[in-house]
Amino acid sequence: MLEPAIRSASGITTIELRSIAIGDAGTVAIASALQAATKLRYLILGSNGIGDTGASAIAASLGGWQDLLTLSMSGNQIETAGAAALGQAICSYLTLSLLSLQFNPINDGGFQALCEELKRNTSLATVLLENCQCTAAGLRFVHELAPASLTQLYLGKNAVGDQGAHNIATTLHDSAVSLVGLNCCGLGPPGAASLAEELEVNVSLTVLALDGNAVQDEGAIALARGLRRNAALTAINLSENRIGDAGAEAIASALVHNATLRELTLTKNQIGSIGCTAFCDNLQDRHSLLQLLLEDNPISEDDRGNLRDTFRQSTIFVDVADSLIDSFDGTVATTISAAIKGARDNTASSISILDDNLTMEAWDYLMQVLAVNTSVTSFNFDTSPDYPGFKSEDWGTTLMARSPMF
């Protein structure tokens, strides 16, 4: 049904077909119909049951799409042959900047084939290969997946392990990659140590996601050594890593010597009173860190209070709630407002509100701060104020009128 319409639209620039079960046969037909679409820039075919045959058909048609910027075929059934075909077609492509094959069973063979082909590409900036059934065996070739143009590499939910982390750390040493996603990759202390050694000298990596691993205190202490000397990283996510007080103490101490890190996420770990005290003692005079997330740790009410008291007048937003924000009374609203004010002077660009207990006082105070903020460009709003008569459209109008971030 789609093929005639697509075939007649030679000037089409975007095709986005998600979760409509087009399968291999449908993909072959679409690829054929798009042969005349010389202006195609975005092709998104996610979660459609596409296998190697469909992927190969898309690969064969790539030569006619000289302006293609994004190719996303995530959540399909592409295996080694399909990944290899796409790699061969993309290797000399001059415009493609984003390739997403995440949530496909390309396994180690497909990963190796992609790496060997994409090393010759000069345009790719972002590659997403999360949950592709890859292991450390495939990661041996990751150094070939980092052409000079690559800046973002997502490898989460693969069985990377400590050896794979070592291979990735080696790859980062000679690359311009600024973001690496290694969430839920089976990393332990040795893997963290390999990445920590690279952090000591790396000047390009700005975001490192290691959530959902098991680096534990030993790995956190190693990463702290890397952070002490690092001068590039701005955000690191270490949530769900079995980190206790010893690891928290090491990180807090290291940040005294770090002038670039702005976001530190340590949620769902095992940090208690000693770790909280370390953050209070070491970070109260820091001006680079803007966000410290500690929710869902075994932190007592007294320690929560100490953290909030310590940072209330600083530019650091500290979250220690059991959920993202447990109560938006005037005190917490003041903390958030201080964070936004700090963002104005420290280039932070986003703020998230993910709770349904905002009081009228909190919302009004938040609005006052946003009215003078000049740096926030992203506001994640997933809640409604808890007072009678509130209308979301009124709040949106007020925000649009009062905040320069839009």
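Residues numbered from 1 in each chain as written. Predicted model: local features only at pLDDT ≥ 70, side-chain atom pairs only at ≥ 80, totals over all residues. Heavy atoms only, no water.

Draft legend 1. The overall build of the protein, seen in detail. A tally of regular secondary structure across the protein gives 15 helices and 14 strands. Of the contacts made within the protein by residues no fewer than 6 positions apart, 85% connect residues no fewer than 24 positions apart. For the protein, the accessible area works out to roughly 16600 Å², and carbon and sulfur atoms hold 49% of it. (Helix = DSSP H or I, 4+ residues; strand = E, 2+ residues; numbered from the N terminus. Contact = heavy atoms within 4.5 Å. Areas by Shrake-Rupley, 256 points an atom, 1.4 Å probe, with all protein chains shown as cover.)

Draft legend 2. Focus on the confidence of the model for the protein. The share of residues in the protein with pLDDT of 70 or more is 74%, and the mean pLDDT across the chain is 81. Least confident of the elements in the protein is helix α15 (residues 392-402), whose mean pLDDT is 43; most confident is helix α8 (residues 189-199), at 98. When the criterion is pLDDT under 50, residues 322-335 qualifies, and its contacts beyond four places in sequence or with other chains add up to 31 contacts. Long-range and interchain partners of residues 341-348, a stretch whose pLDDT sits below 50, account for 21 contacts in this model, where long-range means more than four residues apart. (pLDDT = per-residue confidence, 0-100.)

Draft legend 3. Just helix α2 (residues 23-33), in detail. All of the buried residues in α2 are Gly23, Gly26, Thr27, Ile30, Ala31 and Ala33. When α2 is viewed along its axis, its buried side chains cluster within an angular range of 160° and face the same direction. (Buried < 20%, exposed > 50% of the residue type's maximum accessible area, 1.4 Å probe, protein only. Arc of directions from axis to C-beta.)

Draft legend 4. Structural detail: the packing of helix α10 (residues 245-255) against helix α11 (residues 273-283). One can describe the packing of α10 onto α11 by two numbers: an axis separation of 8 Å at closest approach and a directional angle of 5°. Judged on the interaxial angle alone, α11 and α10 are roughly parallel. Of the residues in α11, those in contact with Asp245, Ala248, Glu249, Ala252, Ser253 and Leu255 of α10 are Ser273, Ile274, Gly275, Ala278, Phe279, Asn282 and Leu283. In terms of residue class, the contact of α10 with α11 is built from seven nonpolar, four polar and two charged. (Axes fitted to C-alpha atoms, helices over the stretch in contact; angles between N-to-C directions. Parallel < 35°, antiparallel > 145°, perpendicular 65-115°, else oblique. Nonpolar A, V, L, I, M, F, W, Y, C, P; charged D, E, K, R; others polar.)

Draft legend 5. Fine view of helix α4 (residues 80-90). Looking only at α4, the buried set comprises Gly82, Ala83, Ala84, Ala85, Leu86, Gly87 and Ile90. Structurally, α4 contributes buried residues whose contacts are with α3 (52-61), β3 (70-72), β4 (98-100) and α5 (107-118).

Draft legend 6. Here's a closer look at the state of the cysteines. Under the counting rule described, the total for this entry stands at zero disulfides. Free of any disulfide, Cys184 has its nearest neighbouring cysteine sulfur in Cys185, separated by 7.3 Å. (Disulfide = S-S within 2.5 Å.)

Draft legend 7. Examining the side chain of Asn48 more closely. Structurally, Asn48 is set in the loop between β2 (42-44) and α3. Within the local environment of Asn48, its side chain forms a polar contact with the backbone oxygen of Gly46, the two atoms lying 3.0 Å apart. Those residues in contact with Asn48 that lie beyond four places of it in its chain are Leu17, Arg18, Ser19, Ile20, Ala21, Ile22, Gly23, Gly75 and Asn76. (Polar contact = N/O pair within 3.5 Å; in protein donor to acceptor, adjacent residues only side chain to side chain.)

Draft legend 8. Up close: unusual backbone geometry. We note that Ser47 has phi near 55°; this positive angle belongs to a residue other than glycine. Secondary-structure assignment places Ser47 in the loop between β2 and α3. Since its relative accessible area comes to 38%, Ser47 is described here as partly exposed. The phi angle at Asn131 is positive, at roughly 50°, despite the residue not being glycine. Checked against the element boundaries, Asn131 lands in the loop between β5 (126-128) and α6 (136-139).

Draft legend 9. Molecular detail of the side chain of Asn297. Here Asn297 is to be found in the loop between β11 (291-293) and α12 (301-311). A polar contact of 3.2 Å, which involves the side chain of Asn297, links it to the backbone nitrogen of Gln270. At a separation of 3.0 Å, a polar atom in the side chain of Asn297 contacts the main-chain amide nitrogen of Ile271. Residues contacting Asn297, with those up to four places away along its chain left out, are Leu266, Thr267, Lys268, Asn269, Gln270 and Ile271.

Draft legend 10. Representation of the packing of helix α9 (residues 216-229) against α10 in the model. Contact geometry of α9 with α10 gives a least axis separation of 8 Å together with a crossing angle of 5°. On the basis of their axis angle, the class for α9 and α10 is roughly parallel. Across the interface between the two elements, Asp217, Ala220, Ile221, Ala224, Leu227 and Arg228 from α9 touch Asp245, Ala246, Gly247, Ala250, Ile251, Ser253 and Ala254 from α10. Looking at the contact of α9 with α10, its residues break down into eight nonpolar, two polar and three charged.

Draft legend 11. Structural detail: the environment of Leu283. On the secondary structure map, Leu283 appears in helix α11. We classify Leu283 as buried; its relative accessible area is 1%. For the pair Leu283 and Phe311, spaced 28 residues apart in sequence, the C-alpha separation works out to 8.6 Å.

Draft legend 12. Quick peek at the environment of Ile12. Mapped onto the secondary structure, Ile12 falls in the loop between α1 (2-8) and β1 (14-16). For the pair Ile12 and Lys39, spaced 27 residues apart in the sequence, the C-alpha separation amounts to 6.3 Å. Discounting residues that sit within four places of it in the chain, Ile12 has contacts with Leu34, Ala37, Lys39 and Leu40.

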